[in-house]
Structure formats: C-alpha cells, structure tokens
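Okay, here's what each chain looks like letter by letter:
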Amino acid sequence: MSSIVTPPEPADSAHLHWRALEGLYASAPVNSLFESRLEIVAEGVSRIHFEVTPSCFHAAGAAHGTIYFKMLDDAAFYAANTLVTDRFLLTTSFNLFFTRPIQGGRVTAEGRWVSGRRRVLVAEARLIDEEGEEVGRGTGTFQRSRIPLSGLDGYNAGLRAALG
C-alpha cells in the first residue's frame, strides 16, 4: 500500500488561527481526562477524534451522557471559533440527541458552523462510531466572550508551533 503525501499547508492567517485553536484544545486541563485530538480541516469545520474507554461508562456499561455532550460541544465550539479570530467563544445553549449507545472504541465528533458571524454563532455536531454509524447529534449557540484568544497560553503555544 502506498502512502499519500500531503502537500505543505499554507501559512496564511486562517491556517495559523486553526493550528492555534488546536493548541488551545490540547492545553485545556479537562482534555487530559480523555484520549482525544482536535483537527480543524476548513473554515467552519472541525473533527475531534476520541477513544471512548470504560472510564467514561455509566453503570450499565455504555458511555455516559457527559461524554456525548463533551464531544459534541467541543466539535461545534471549535467549528464556530474558526470564524472568530480575536475572542474565545462561550457556549450559551446546547441541545443534544442520543441515537445509539457507545460501547467504547473510536468516535469522531464532526462539527460544522451553521450561521451567525457577529455576536452569536450557531454550530452543529454529530458523533460517528468506528462502524460509521451516527450515535449522537447536537446543536449549540456560542457567544463571543471578553476573553482575547491572544491572552490564552494554549492558543499562543499552538500559534508558535505552527510558525515553526
């Protein structure tokens, strides 16, 4: 099997912002509780790859709802924050739907920006299990905060790493 060579990514401001957001995700203390990795693939699009382990299960042996919320909220949040380059967003509401239990394994949260660019942004996300089945879906609203991205250590670390 041949390997696919990915061309180098352009160093434009959008790509630098995306890499900085990936650094921000990696720096969040809560993410040390989960084996996960953020990948921003385009403006308004994010993917988070999770490994759901028994440490995330409820008493009946499937992923607890908190992990669904975590994965969906993060994917939608980062999809929306690709469009906002100066401020950290805050989740103001989130609706989620459970469609199947997660018994463990790899799960991908796919986030997509839906609407809004100024004060409030709307984004949706879905969870796909390792068999390719949707196991959850959610929609959130996100508001610009007063927190500048440039003041966050993780954002700056991601930016420095992108600049090489």
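Scroll up to find the structure this text is about.
Residue numbers here run from 1 along each chain, matching the order of that chain's written sequence. For a predicted model such as this one, the threshold for reporting local features is a pLDDT of at least 70, and the threshold for listing and counting side-chain atom pairs is 80 or more; totals across whole chains, interfaces and linings nevertheless cover every residue. Neither water nor hydrogens contribute to the side-chain values; these are computed over all heavy atoms in the structure.

*Asks:* Could you clarify how one ought to interpret the packing of helix H1 (residues 13–27) against helix H2 (residues 65–81) in this entry?
*Replies:* In a packed pair of helices, the relevant descriptors are the angle between the two axes and the axis-to-axis distance. Orientation of H1 relative to H2, taken along the N-to-C sense of each, is 150°, at an axis distance of 10 Å. Taken as axis vectors, H1 and H2 run roughly antiparallel relative to one another. Considering only the axes of H1 and H2, their crossing is right-handed. Where H1 approaches H2, its residues His17, Leu21, Leu24 and Tyr25 are matched on the opposing element by Lys70, Asp74, Tyr78 and Asn81. Residues are grouped as follows: nonpolar covers Ala, Val, Leu, Ile, Met, Phe, Trp, Tyr, Cys and Pro; charged covers Asp, Glu, Lys and Arg; every other residue, Gly included, is treated as polar. Across the contact of H1 with H2, the residue classes tally to four nonpolar, two polar and two charged. Note on geometry: axes are lines fitted to C-alpha atoms, helical ones only across the stretch in contact, with angles between N-to-C directions running from 0 to 180 degrees. Starting at the N terminus, helices and strands are each numbered in turn, a helix being any DSSP run of H or I of at least four residues and a strand any DSSP run of E of at least two. For this classification, under 35 degrees means roughly parallel, over 145 means roughly antiparallel, 65 to 115 means roughly perpendicular, and everything else is oblique. Crossings are classed by handedness, with left-handed meaning an anticlockwise turn of the near helix from the far one by less than a right angle and right-handed meaning a clockwise turn. For this analysis, residues touch if any pair of their heavy atoms sits within 4.5 Å.

*Asks:* How do you make sense of the pattern of salt bridges when you look at a structure like this?
*Replies:* A side chain with one charge can pair with a side chain of the opposite charge if their charged atoms come near. Salt bridges are identified by distance alone: a Lys or Arg side-chain nitrogen within 4 Å of an Asp or Glu carboxyl oxygen. Inspection of the entire model under this criterion finds eleven salt bridges. With a shortest N-O distance of 3.8 Å, Arg117 and Glu43 are connected by a salt bridge. With Arg117 in the loop between strand E4 (105–115) and strand E5 (120–129) and Glu43 in the loop between strand E1 (35–42) and strand E2 (45–52), the pair connects residues that are 74 residues apart, well separated along the chain. Here the term buried applies to any residue with accessible area under 20% of the maximum for its type, exposed to any over 50%, and partly exposed to those in between, with areas from a 1.4 Å probe on protein chains only. By relative accessible area, which is 48% here, Glu43 ends up partly exposed. Linking Arg137 and Glu134 is a salt bridge whose minimum nitrogen-to-oxygen distance equals 2.7 Å. We classify Glu134 as partly exposed; its relative accessible area is 22%. Sharing partners across several salt bridges, the network here consists of Glu110, Arg126, Glu134 and Arg137.

*Asks:* It is not clear to me how the packing of aromatic side chains should be interpreted in this structure. Could you clarify?
*Replies:* For any pair of aromatic rings, geometry is given as the distance between the ring centres together with the angle between the planes. Ring pairs are drawn from Phe, Tyr and Trp, using the six-membered ring of Trp, whenever the two centres fall within 6.5 Å, and their geometry is named by plane angle: stacked under 30 degrees, edge-to-face over 60, tilted for the rest. Here the structure, examined in full by the defined rule, presents six aromatic pairs. With 5.6 Å between their ring centres and 85° between their planes, Phe69 and Phe94 make a pair best called edge-to-face. Note that Phe69 is positioned in helix H2 and Phe94 in strand E3 (residues 87–98), a separation of 25 residues in sequence. Here the aromatic rings of Phe77 and Phe88 are separated by 5.3 Å at their centres, their planes lie at 55°, and the arrangement is tilted. With Phe77 in helix H2 and Phe88 in strand E3, the pair connects residues that are eleven residues apart, well separated along the chain. Judged by relative accessible area, Phe77 falls into the buried class, the value being 6%. Accessibility expressed as a relative area gives 22% for Phe88, which makes it partly exposed. Put simply, the rings of Tyr25, Phe77, Tyr78, Phe88 and Phe142 pair up and form one aromatic cluster.

Take it as geometry only, folks, not as evidence of what the structure does.
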